[in-house]
Amino acid sequence: QKEVEQNSGPLSVPEGAIASLNCTYSDRGSQSFFWYRQYSGKSPELIMSIYSNGDKEDGRFTAQLNKASQYVSLLIRDSQPSDSATYLCAVNNGFGNEKLTFGTGTRLTIIP
Amino acid sequence: DTGVSQDPRHKITKRGQNVTFRCDPISEHNRLYWYRQTLGQGPEFLTYFQNEAQLEKSRLLSDRFSAERPKGSFSTLEIQRTEQGDSAMYLCASSFSAAEETQYFGPGTRLLVL
């Protein structure tokens, strides 16, 4: 079992719709969770961070964390063509072990 | 620009040659990380520094790889006797050392070994 798993996609969503990206992780001790966006040929850019169970909203983005189910998701509302990218889920277990473990990413395409 | 910077942005080398990459972190950040990313994969952790101390190294970091952060500011990653399998994007990130601190990535150095 991979430490961080994502559906590799591609995921196609019509413009204006909600895109839903999912991630599961294997280490129950994980403390911090991040979503990064990566355009082709570019480096990862932070979209959201979440540390506690529940929802966290920032503009059109909502991150959801359920530690009991070891599941974290990202919702993108009112999807725009500029949201087309690969979305990387990253996890670290904090408490001094600060390296990030990434999933393989989900490729999202917003269809105009 | 106060973000993480990396140099060079692209490097083409022949197998067997040595290469060195540089990373300048965000100035207030005392943690610096190196990751490697190959096509279709997420970044994989290589090593990280807190100030000048190298605190962790991945099993991926063979003895051909060495990283330094001599004065706790910029860092270098050297690959000796490059192999074709070393072709990848090498990413540097930096953060504060407090818990829950976000890592910010530089633009990366894309290495191609011929």
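Everything discussed here concerns the structure shown above.
As the structure is a computational prediction, the values presented were derived from the model and not from experiment.

Trainee: Can you help me understand the overall build of chain A in this one?
Mentor: Scanning chain A for helices and strands turns up zero helices and eleven strands. Along chain A, from the amino end to the carboxyl end, the secondary structure elements read β-β-β-β-β-β-β-β-β-β-β. Expressed as a percentage of its 112 residues, the buried residues of chain A come to 45%. In chain A, once contacts between residues fewer than 6 apart in sequence are set aside, the share between residues at least 24 apart is 54%. If you sum the accessible surface of chain A, you get close to 5200 Å²; carbon and sulfur atoms cover 46% of it.

Trainee: How do you make sense of unusual backbone geometry when you look at a structure like this?
Mentor: Only a minority of non-glycine residues have a phi that is not negative, and only a minority of peptide bonds are not trans. Looking along the chain, the bond that leaves aspartate 7 of chain B and enters proline 8 of chain B is cis, with omega of -5 degrees. Inspection of the secondary structure assignment puts proline 8 of chain B in the loop between strand S1 (5–7) and strand S2 (10–13). Even without a glycine there, the phi angle at aspartate 78 of chain A is positive, about 50 degrees. The residue aspartate 78 of chain A is located in the loop between strand S8 (71–76) and strand S9 (85–92) in this model. What makes aspartate 78 of chain A partly exposed here is its relative accessible area of 40%. For asparagine 51 of chain B, which is not glycine, the phi torsion reads 55 degrees and is therefore positive. Along the chain, the position of asparagine 51 of chain B falls in the loop between strand S5 (44–50) and strand S6 (53–57). For asparagine 51 of chain B, a relative accessible area of 33% corresponds to the partly exposed category.

Here is what the cut-offs are and how they apply
Residues numbered from 1 in each chain as written. Chains lettered and ligands numbered in written order. Predicted model: local features only at pLDDT ≥ 70, side-chain atom pairs only at ≥ 80, totals over all residues. Heavy atoms only, no water. Helix = DSSP H or I, 4+ residues; strand = E, 2+ residues; numbered from the N terminus. Buried < 20%, exposed > 50% of the residue type's maximum accessible area, 1.4 Å probe, protein only. Contact = heavy atoms within 4.5 Å. Areas by Shrake-Rupley, 256 points an atom, 1.4 Å probe, with all protein chains shown as cover.

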